[in-house]
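Structural description and commentary
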Amino acid sequence: VQLRLMICSQEGERLGCVDLTEYDGRKADVSILIFNLGNRRKGFAENALRLSIDYVKSFGLQTIYAHILPENLPSRNLFTKVGFAEQDDNLFVYFL
């Protein structure tokens, strides 16, 4: 099962998306993408990730995972800032 949530500006411009995959009722993988480089590092991803976490709490999920490459420092910093804990080199975990 996959759920894609679009990140849009107040004017309706599509800025990116949040994907929840591998949903099994207890856990899901999350990924986030801001399409245009010019829209990155402006808080859109952080706000979308926080809203997505609040949204999926109603699904009864217990854990959200994110697989992030070591060289993707902006993403690693974002997920850590939002409350994900690094479990190993590529795996970040958020317990609901």
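Our structure's up above, just so we're on the same page.
Here the structure is a predicted model, which means the values were calculated and not measured.

Section: the sheet that holds strand E2 (residues 14–21)
- With mixed pairing, the 6 strands of this open sheet are ordered in space as E1-E2-E3-E4-E6-E5. Every interior strand has two partners, whereas the edge strands, strand E1 (3–8) and strand E5 (85–86), have only one.
- Two elements, strand E4 (residues 63–67) and strand E6 (residues 91–95), share 5 bridges in a ladder whose sense is antiparallel. Directly across from Tyr65, in E6, lies its bridge partner Val93.
- Across the sheet, helix H1 (residues 44–57) lies against E1, E2, strand E3 (27–34), E4 and E6, angled at about 155 degrees from E3, the strand it touches most.

A few points about the packing of aromatic side chains
- A full pass over the atoms with the stated rule returns 4 aromatic pairs.
- Ring geometry for Tyr23 and Phe59: centres 6.2 Å apart, planes at 75 degrees, overall edge-to-face. You can see Tyr23 sitting in the loop between E2 and E3 and its partner Phe59 sitting in the loop between H1 and E4, a full 36 residues away along the chain.
- Exposure remark for Phe59: the relative accessible area of 32% places this residue in the partly exposed category.
- Residues Tyr55 and Phe59 carry aromatic rings whose centres are separated by 5.1 Å and whose planes lie at 75 degrees to one another, so their mutual orientation is edge-to-face.
- Assessed through its relative accessible area of 42%, Tyr55 is described here as partly exposed.
- The structure contains a cluster of three or more aromatic residues connected by ring pairs, namely Tyr23, Tyr55 and Phe59.

Details of a nonpolar patch on the surface
- A surface patch of nonpolar side chains, amounting to about 400 Å² of accessible area, comprises Val1, Tyr23, Tyr55 and Phe59.
- On the secondary structure map, Val1 appears in the segment before E1.
- The class for Val1 is exposed, based on a relative accessible area of 75%.

A look at unusual backbone geometry
- Look at Glu22: it is not a glycine, yet its phi comes out positive at around 55 degrees.
- Looking at the element boundaries, Glu22 is found in the loop between E2 and E3.
- Unusually for a residue other than glycine, Arg41 sits at a positive phi of about 65 degrees.
- Relative to the assigned elements, Arg41 resides in the loop between E3 and H1.
- On the basis of relative accessibility, which here comes to 76%, the residue Arg41 falls in the exposed class.

Focus: the pattern of salt bridges
- This structure, assessed with the given rule, holds 7 salt bridges.
- For Asp19, the salt bridge is made with Arg4, and the minimal N-O distance between the two is 2.6 Å. Linking Asp19 in strand E2 with Arg4 in strand E1, this pair joins segments that are 15 residues apart in sequence.
- One salt bridge connects Glu86 with Arg76, and the closest N-O pair in it is separated by 2.5 Å. With a gap of 10 residues between them, Glu86 in strand E5 and Arg76 in helix H2 (residues 73–82) connect regions that are remote in the sequence.
- Of the residues examined, Glu86 reaches a relative accessible area of 44% and is grouped as partly exposed.

Definitions and limits used
Residues numbered from 1 in each chain as written. Predicted model: local features only at pLDDT ≥ 70, side-chain atom pairs only at ≥ 80, totals over all residues. Heavy atoms only, no water. Pairing = 2+ DSSP bridges. Helix = DSSP H or I, 4+ residues; strand = E, 2+ residues; numbered from the N terminus. Contact = heavy atoms within 4.5 Å. Axes fitted to C-alpha atoms, helices over the stretch in contact; angles between N-to-C directions. Phe/Tyr/Trp six-rings, centres within 6.5 Å; stacked < 30°, edge-to-face > 60°. Buried < 20%, exposed > 50% of the residue type's maximum accessible area, 1.4 Å probe, protein only. Patch = residues over 30% accessible without salt bridge, like charges linked within 9 Å, V, L, I, M, F, W, Y side chains within 5 Å. Areas by Shrake-Rupley, 256 points an atom, 1.4 Å probe, with all protein chains shown as cover. Salt bridge = Lys/Arg side-chain N within 4 Å of Asp/Glu carboxyl O.

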